[in-house]
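Per-entry structural report
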There are 2 protein chains.
Amino acid sequence: MKITRIDKSRIDQADLENPVFGTQFSDHMLVCKYKNGKWEEPEIKPYGPMSFTPALHTLHYGQALFEGQKAYYMSDGTIGIFRPEMNAKRLNHSAKRMFMPEFPEDLFVDGLKQLVEIDRAWVPKKEGYSLYLRPFMFGSSEFVAARPSEEYIFCVVMSPVGPYYAGEVKVKVEETYTRSASGGVGSTKCAGNYGGAFFATDQARKEGYTQVIWTDHKNHELIEESGTMNVGFVIGDTFITPPLSDRILAGITRDSILTLLRDTDIVKNVEERPIKVEEVIAAAEAGTLKEVFGMGTAAVVSQISTIGFRGTDYKIETPKDGYAMKIKKALTAIRMGDADDKYNWMVRL
Amino acid sequence: MKITRIDKSRIDQADLENPVFGTQFSDHMLVCKYKNGKWEEPEIKPYGPMSFTPALHTLHYGQALFEGQKAYYMSDGTIGIFRPEMNAKRLNHSAKRMFMPEFPEDLFVDGLKQLVEIDRAWVPKKEGYSLYLRPFMFGSSEFVAARPSEEYIFCVVMSPVGPYYAGEVKVKVEETYTRSASGGVGSTKCAGNYGGAFFATDQARKEGYTQVIWTDHKNHELIEESGTMNVGFVIGDTFITPPLSDRILAGITRDSILTLLRDTDIVKNVEERPIKVEEVIAAAEAGTLKEVFGMGTAAVVSQISTIGFRGTDYKIETPKDGYAMKIKKALTAIRMGDADDKYNWMVRL
């Protein structure tokens, strides 16, 4: 790995107290180019502009994907990253489906660690704050023809972020717009999945909701995801989340929560199975729908207070000591090094 | 419109005899920026690199779309553009669905005309050659957060291209991968639709096919498009093409061909209706499947010689004087100004 350090750190101009998500970037970035069928030597160098012609392939044909994860101070003062090898694997899952080259997984993890180490002054020390890591990859050939890019750039940038606070989360069951289809790219973190979702989200916001709950591509009967998060329901004493498929992002937080729930007595039963909107609504009406929450890197869990379905708002409890918060607490304890890391999830610098 | 001319044209370094599609670009480009909720003054300026930080929004969230059309010499020596106002409308259809700002349609057409006029030396004079125009738009804010871009760039670049020759076109009916779904973005020319299609296309190529025929998202029973073209079938003396929907690109060539076919006696009947794979296969087996062809800007019509379905290859005639070639001839006559342009399709410089 080639390393070129910045002449003078920009840290003294940074706002680590009240960072706005994804708007300030640390001193360095990692860049690795793919040319002639292979990855060149990666380079850590000062964060800064790249120059492209307007024929940049990804602007036209959308071979672009990303990952997202966090580095933060653990209780013992070391810096940890949560399950980065899972992000490496998922990046390559996305890459394969988008017909992009896979990036070596050990280099992915090692690159993140070296990059965070060099910019460790950018990891906020306040509780709940972290350095958001954004690995991404895009087609960088410069031609305009509907065939795959021949060159690619893998890059990692980092941005200090504060604790996630979504406010009250009201979601609308989306029955018109579709996020993904079987045989499509819904299980990837390709850029187009996000751009394609903004319109439906905006429609929901105009109706007073925070986000949509995506439903299946065939009949809009099955629940898929909530916004950009996986979604879980506690009905009675059973936790239910839709099963993974090529329509659903394999969330690392989702996987971690399933592991924890199966290993603890927070809920009695854990089910990964298709769940219909009508089952959720029936449970809400019957009073057995205890909690609903999104699961993702940003918030770990994000409690949902309202589900809007065909004009009716169903209210859901968001207790401070309920299922979601117990899960968050258990997961946070592992992340902070305060609980036994029996799954070896933490990678320390 | 601000105009900044190049100091010295690069035309003497260009290969207009054997141009490789989309790899050489003319002297100038048109750039228009969207900031603070409005489009700034467009500028025609020398083609060249743009500088962005790695936080460029579209690299992460895929708000990106394009159009494609051609300028070429007509028989009387004027330069014409085919139905540019249709591209302007479709660009805005794509923009709306991708939650991007619409671009003024009159400015789109006027901008193309002015840009082609300035670079008229780049319009190849050889028959069948043209200057390919590539309008495109992308989210250009520089932050990394899953919300819509606030700034956008509309740009037009131009590339001299030769006549389209695909060779023998063998298509495979795709029953595993999906291009689009109802409620999705399939009717737009968003970048992600193309990046998401490369994998399935490559799989088909490995099996000896040129392209796929996409089928519907629900059961893979209905025919949708062929590769990046609309598709038409002549069964008996009836032309059939799938109806427009939010899963299918509203091809301008498709629309023009439908108009011509309804107005001439090339075929007896014209039907826009859902068509099942099984209907096409049954017609092939019964000997009533006369011709199959793709319809698009690149080739106008592209005859398909083979349809592969579940391991069986169905051969189709590709006559030089059949339906497809009669359609191409009729359309080309209008494009060249050799036939009455009763629909006012040609916009002359």
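Residues numbered from 1 in each chain as written. Chains lettered and ligands numbered in written order. Predicted model: local features only at pLDDT ≥ 70, side-chain atom pairs only at ≥ 80, totals over all residues. Heavy atoms only, no water.

Under an unreviewed UniProt entry, the name given to chain A is branched-chain-amino-acid transaminase, and the organism recorded is Owenweeksia hongkongensis. Under the UniProt heading Cofactor (unreviewed entry), the entry covering chain A gives this text: "pyridoxal 5'-phosphate". If you open the UniProt record of chain A and go to Function (unreviewed entry), you find "Acts on leucine, isoleucine and valine." (UniProt positions renumbered as here; feature names shortened; annotations may be inferred.)

Another point: the domain arrangement of chain A. Residue and element names in this part refer to chain A. For chain A, the assigned domains are domain 1 (2-161) and domain 2 (169-336). If you average the C-alpha positions of domain 1 and of domain 2, the two centres end up 28 Å apart. If you look at the interface, domain 1 gives 20 residues, while domain 2 gives 21 residues. Between domain 1 and domain 2 the total buried area reaches about 1900 Å² when both faces are included, carbon and sulfur atoms providing 60% of it. Broken down residue by residue, the surface that domain 1 buries against domain 2 is led by Phe66, Phe82 and Arg90, which jointly contribute 32%. Our enumeration of links across domain 1 and domain 2 arrives at one salt bridge. For Asp255, the salt bridge is made with Arg83, and the minimal N-O distance between the two is 2.9 Å. In this assembly, domain 1 and domain 2 are joined by 13 residue pairs in polar contact (both at pLDDT 80 or more). Within the residue set of the side of domain 1 that touches domain 2, elements represented by two or more residues are strand E6 (64-66), strand E7 (69-73) and helix H2 (84-97). With six residues, the single largest contributor to the side of domain 1 that touches domain 2 is H2. For the side of domain 1 that touches domain 2, a count of residues per class yields nine nonpolar, six polar and five charged. (Domains from an automatic or database assignment. Contact = heavy atoms within 4.5 Å. Buried area = accessible area lost by both parts, 1.4 Å probe. Salt bridge = Lys/Arg side-chain N within 4 Å of Asp/Glu carboxyl O. Polar contact = N/O pair within 3.5 Å; in protein donor to acceptor, adjacent residues only side chain to side chain. Helix = DSSP H or I, 4+ residues; strand = E, 2+ residues; numbered from the N terminus. Nonpolar A, V, L, I, M, F, W, Y, C, P; charged D, E, K, R; others polar.)

Now for helix H8 (residues 323-335) of chain B. Residue and element names in this part refer to chain B. Compared with an ideal rise of 1.5 Å per residue, which puts 13 residues at 18 Å, H8 spans 18 Å between its outermost C-alpha atoms and is within 8% of the ideal. Among the residues of H8, those classed as buried are Tyr323, Ala324, Ile327, Leu331, Ile334 and Arg335. Considered in projection along H8, the buried side chains sweep an arc of 105° and stay on one side of the axis. Among the residues trailing H8, Gly337 stands out with phi positive, at a value near 80°. (Expected span 1.5 Å × (residues − 1). Buried < 20%, exposed > 50% of the residue type's maximum accessible area, 1.4 Å probe, protein only. Arc of directions from axis to C-beta.)

With that settled, the discussion passes to the pairing of strand E14 (residues 230-235) of chain B. All names here are of chain B. With six of six residues buried, E14 lies mostly within the body of the structure. Both faces of E14 are covered, namely the face carrying Asn230, Gly232 and Val234 and the face carrying Val231, Phe233 and Ile235. As paired elements, E14 and strand E17 (residues 289-296) share six bridges and run antiparallel to each other. Its bridge partner being in E17, Val231 is matched across the sheet by Gly294. Alignment of E14 against strand E15 (residues 238-241), held across three bridges, turns out to be antiparallel. Bridged to Phe233 within E15 is Ile240. Between E14 and E15, which pair antiparallel one after the other, the connecting turn spans two residues, and Gly236 there sits at a positive phi close to 60°. (Pairing = 2+ DSSP bridges.)

This part covers the pattern of salt bridges. Inspection of the entire model under this criterion finds 40 salt bridges over all chains. A salt bridge links B:Glu207 to B:Lys172; the nearest nitrogen and oxygen atoms lie 3.2 Å apart. Residue B:Glu207 is found in the loop between helix H5 (198-206) and strand E12 (211-215), and its partner B:Lys172 is found in strand E11 (residues 169-173); the two are separated by 35 residues along the sequence. The partner of B:Arg273 in a salt bridge is B:Glu271, with the nearest N and O atoms 2.7 Å apart. Salt bridges sharing partners connect three or more residues here, namely A:Lys172, A:Glu174 and A:Glu207.

A ring pair, where both rings are aromatic, is described by two values, the distance of the centres and the angle of the planes. Evaluated as defined, the whole model comprises 32 aromatic pairs over all chains. Taking the centre distance of 4.9 Å and the plane angle of 80° together, the rings of A:Trp39 and A:Phe103 count as edge-to-face. Linking A:Trp39 in strand E3 (residues 38-39) with A:Phe103 in the loop between H2 and helix H3 (105-118), this pair joins segments that are 64 residues apart in sequence. The same class applies to A:Trp39 as to A:Phe103, namely buried. When the ring of A:Tyr61 is compared with that of B:Phe66, the centres are 5.4 Å apart and the planes differ by 70°; the resulting orientation is edge-to-face. (Phe/Tyr/Trp six-rings, centres within 6.5 Å; stacked < 30°, edge-to-face > 60°.)

Another aspect to go through is empty space enclosed by the protein. If a probe the size of a water molecule is rolled over the atoms, the empty space left behind becomes visible. Under the criterion given, the structure shown has six cavities of 30 Å³ or more. Lining the largest cavity are 26 residues, with A:Arg179, A:Val185, A:Asn193, B:Arg179 and B:Val185 sitting closest to its centre. Contributions of two or more residues to the lining of the largest cavity are made by helix H4 (191-195) of chain A together with helix H4 (191-195) of chain B. Within the lining of the largest cavity, the residues separate by chemical class into eight nonpolar, 14 polar and four charged. (1 Å grid on protein atoms, 1.4 Å probe; cavity = no way out; pocket = protein on both sides within 12 Å on 5 of 7 lines; lining within 4 Å. Points joined across faces, edges and corners; volume = space filled by probe spheres on them.)

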